[in-house]
Amino acid sequence: MSRRVLGLFLVAPSLAVILFLFILPLCLSAVGAFRVDQAWGLGNFWKAFDLYTKDILFSAVIVGLSTVLIGVASVAIGGYLTLGTHPVAVAILRWLYRWPMFIPFIVVGQILRAFLAKNGMMNNVAVSLGLMTPLDATSFLDWRGIVIAFVWKQTPFVALLVAGAMASVNREGIEAAVNLGASRLRILFEIVLPQVTTTLAVGLILSFVTMMSVLSVPLMINAQSPTMLTADIAFRVNSYGDYGVANALGLISLVLAASVAWIYLRISLKEQA
Amino acid sequence: MKRLSFAAFAMAAAILPAKAAELTVATAGDQNMVDYINQYLGPLFEKTYPGNTVRAVGTGAGDAGSQKILERFDAQSSANSAKWDTDVAVVHEKFVGPMVTKNYLDKYRSDIATGKLVTRDNAKMALGTNVDGYVMPMFNSQTAIAYNPTLVPNPPKSYAELKDWAKAHPKQFGYNGIKGGASGVSFVMGWIYAFGGGDANVLMNGPFKEEETKKWDAAFKSLADFTTNATLTPGNAGTLDLLSRGEIAMGPVWVDMFYSWKADGRLPPDMKLILPAPGMPGQPMHYVIPEKAANKDLAEKFIALATSPKVQAEGIVKRFNWYPGIDADNVKPELDKDTWNKLFVDISPEDLATKGKPFPIAPYNNAILEAYEKSVK
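Predicted, not measured: the structure shown is a model, and the values here were computed from it.

Procedures and definitions
- Residues numbered from 1 in each chain as written.
- Chains lettered and ligands numbered in written order.
- Predicted model: local features only at pLDDT ≥ 70, side-chain atom pairs only at ≥ 80, totals over all residues.
- Helix = DSSP H or I, 4+ residues; strand = E, 2+ residues; numbered from the N terminus.
- Buried ≥ 20, exposed ≤ 12 C-beta atoms within 10 Å, placed from the backbone.
- Contact = placed C-beta atoms within 7 Å.
- UniProt positions renumbered as here; feature names shortened; annotations may be inferred.
- Domains from an automatic or database assignment.
- Nonpolar A, V, L, I, M, F, W, Y, C, P; charged D, E, K, R; others polar.
- Pairing = 2+ DSSP bridges.
- Right-handed = clockwise from strand over helix to strand, strands pointing away.
- Axes fitted to C-alpha atoms, helices over the stretch in contact; angles between N-to-C directions.
- Left-handed = near helix turned anticlockwise from the far one by under 90°.
- Expected span 1.5 Å × (residues − 1).

1. Re the overall build of chain A
Logical step 1: Within chain A, the regular secondary structure consists of 11 helices and two strands.
Logical step 2: Element order for chain A, N to C, with α for helix and β for strand: α-β-β-α-α-α-α-α-α-α-α-α-α.
Logical step 3: Considering only C-alpha atoms, chain A reaches an extent of 75 × 70 × 35 Å along its principal axes.
Logical step 4: Per-residue burial for chain A yields a buried fraction of 34% across its 273 residues.
Logical step 5: In chain A, of all internal contacts separated by at least 6 residues, the share reaching a separation of at least 24 is 75%.

Here you go:
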């Protein structure tokens, strides 16, 4: 047996897994989106846009906003870990910031449901500190709750990547800037950040795609209208047994996710040119 | 020693004729349904018919769980399996119709003794499909409005009064929309029964007519206004949760869940229920046997046991605060007075008879949900 055949043989199991468990279902659901009553058509898409345009925009805006906030927070964390001068504070931050990464989304949903409710812990603390009166307390269990859940859960992941990239940035440039009297903020934005943008972008895109697919958080925090596309997909399947519109919604969220990847590709191509 | 006894068991199992069987019970619904079978019904069955074992499979909460069972049957039917892997299934009312029309089920009710004890109409018609003989109701559950009497001393007695009350008390009424569980769905169905403009009986009994669905515009417009004045809660449990913390004063709940929460101390003991006119839907969950079940005889015995007055009294009424699946008069003698009365404190049997409605038939059901998605945003 030649080496090539052997190589193919070795790669076959994993290739089969990818083919049958990922590519095939993806194709089936993409095809299914265009099936209306045993015929081909765009009916599922018209229905999806008719009923869920608001939810599509809502999902894009919520996930987009979360991505921006995650970017800001992870740059802040990574920046402090790299440029911070207080060793104890840096050590504490380094130890603390990764925790949310190990907590599943559904648990995050459950925690925040108790934390953000009108009489939840957050408002109770604010009331007992005298920051507001019980009458002013409002529930955060709406779009804000989803954003908080996403940012809380995904920031550590991106921060981990960004901090790693920042740590490998050549210290000489930073030290030279310090010697010339640059502030730490300026060093972060003008020297460190430009060198880690690719890593930051990769982390943010992975987070964007992950957040697009989360069902538990919108279900637990805000399964109302408008809500995230995942909740609508689950509702179409569970309440109507309607896989057509569910597939169409799945394709739409795929397009949303792919558009981000496309932006990223363009950026990296431009950089190489 | 231990290993030896295992070996002895294995030998015995191999030698004995394969009389002992494993009965597979697939159940939709929350974890409590699986627990009910694993902890109560299963052991009882194994004791009554020694040598057999019961394996409970939970397929998930709400309609999603029943949908999964239906899809499992679909798959085995199109694969032409000779023996299906489920002996008994517990499914929601909405999914029994399709199972019967697709000829998946065994017509077993006349074969078991307890079949005669079933009196309610919902064992004959399931949302517009004739299922007479194919199902045994496991229990009947009902939705109602739960309220906090300290905040609402005179609760609204009808949907019309409720509408005015909610306007006068913004954000004090909470419900979970239609995507977070069936208590919200039920509230919406009741709204259409009350304000839909058509004949609610047509919605409940059919036939389906397209023009009927055009009459709801005003009702949905008022529901959209109502909803802006209401608090939207995350799920069935979410409504009870907000109620217990005083964030809302009123909201639709499942009666059994309400009593269970109260019994656990998760709801203040003074909370009350009311069934507003013209009524709110409730639904049974049904025991069904697939036509191609591997252990049909045993499955019938299992269901006969599960629907016997004693089990209905002890398991369904006492443990779970559900209304019995068989005629309540047969269950009453098996229960002490307190337990019986507890079930009917806030909602009298008369209320239940006049204002406990079925859900609309499947096509209207879907049309109402979709109209809600379109208009209440």
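2. Brief notes about the UniProt feature "transmembrane region" (unreviewed entry) in chain A
Residue and element names in this part refer to chain A.
Logical step 1: Per the UniProt record, the feature "transmembrane region" (unreviewed entry) sits at residues 56-83, 95-116, 143-166, 187-209 and 245-265.
Logical step 2: End C-alpha to end C-alpha, residues 95-116 measures 25 Å, and it is 64% helix and 0% strand.
Logical step 3: The span residues 245-265 is 100% helix and 0% strand, and its two end C-alpha atoms sit 30 Å from each other.

3. Some words on the domain arrangement of chain B
All names here are of chain B.
Logical step 1: Each assigned domain of chain B is listed here: domain 1 (2-140 + 284-345) and domain 2 (141-282 + 353-375).
Logical step 2: For domain 1 versus domain 2, the distance between C-alpha centres works out to 29 Å.
Logical step 3: With 13 residues of domain 1 in contact, the opposing surface of domain 2 contributes 15 residues.
Logical step 4: If you list the elements that add at least two residues to the side of domain 1 that touches domain 2, you get helix 4 (93-101) and strand 6 (136-147).
Logical step 5: The element best represented in the side of domain 1 that touches domain 2 is helix 4, accounting for three residues.
Logical step 6: Grouping the constituent residues of the side of domain 1 that touches domain 2 by class yields five nonpolar, six polar and two charged.

4. Concerning the pairing of strand 2 (residues 53-58) of chain B
Residues and elements named next belong to chain B.
Logical step 1: Alternating positions in strand 2 separate cleanly, Val-54, Ala-56 and Gly-58 being buried on one face and Thr-53, Arg-55 and Val-57 remaining unburied on the opposite face.
Logical step 2: Where strand 1 (residues 22-27) meets strand 2, six bridges bridge the pair, whose relative direction is parallel. Looking at the pairing, Ala-26 lines up with Val-57 of strand 2.
Logical step 3: Between the parallel pair strand 1 and strand 2, the chain is carried across by helix 2 (residues 31-48), and the sense of this crossover is right-handed.

5. Observations concerning the interface of chain A and chain B
Logical step 1: The interface is formed by 22 residues belonging to chain A together with 18 residues belonging to chain B.
Logical step 2: Counting residues per element, the ones that place at least two in the side of chain A that touches chain B are helix 2 (43-83), helix 9 (216-221) and helix 10 (229-240) of chain A.
Logical step 3: Of the residues that constitute the side of chain A that touches chain B, the class distribution is 11 nonpolar, eight polar and three charged.

6. Quick look at the environment of Val-90 of chain B
Residue and element names in this part refer to chain B.
Logical step 1: Note that Val-90 resides in strand 3 (residues 88-92).
Logical step 2: When the C-alpha atoms of Val-90 and Asp-164 are compared, they prove to be 40 Å apart, with 74 residues separating the residues in sequence.
Logical step 3: When sequence neighbours within four positions are dropped, the list of residues in contact with Val-90 reads Thr-27, Ala-28, Gly-29, Met-33, Met-138, Met-285 and Tyr-287.

7. Remarks on the packing of helix 2 of chain B against helix 11 (residues 296-306) of chain B
Any two packed helices are characterised by the angle at which their axes cross and by the distance between the axes.
Residues and elements named next belong to chain B.
Logical step 1: At a minimum axis separation of 11 Å, helix 2 and helix 11 run at an interaxial angle of 115°. For the crossing formed where helix 2 meets helix 11, the hand is right-handed. In contact with Leu-41, Leu-44, Phe-45 and Thr-48 of helix 2, helix 11 contributes Phe-302, Leu-305 and Ala-306.
Logical step 2: Each residue belonging to the contact of helix 2 with helix 11 can be placed in one class, and the counts come to six nonpolar, one polar and no charged.

8. Details of helix 1 (residues 3-32) of chain A
Logical step 1: Here helix 1 of chain A is 30 residues long and its end C-alpha atoms lie 40 Å apart, about the 44 Å a rise of 1.5 Å per residue gives.
Logical step 2: Within helix 1 of chain A, only zero of the 30 residues are buried, which leaves the element largely exposed.

9. Details of unusual backbone geometry
Residue and element names in this part refer to chain B.
Logical step 1: Between Ala-277 and the following residue, Pro-278, the backbone shows a cis peptide bond with an omega angle of 0°.
Logical step 2: Following the sequence through the fold, Pro-278 ends up in the loop between strand 10 (272-274) and strand 11 (280-288).
Logical step 3: Of note, Asn-80 is a non-glycine position whose phi angle comes to about 55°, a positive value.
Logical step 4: Summarising the element assignment, Asn-80 is placed in the loop between helix 3 (62-78) and strand 3.
Logical step 5: Overall, Asn-80 belongs to the exposed group, with 7 C-beta atoms counted inside 10 Å.
Logical step 6: With phi around 60°, Asn-321 is a residue other than glycine that occupies positive phi space.

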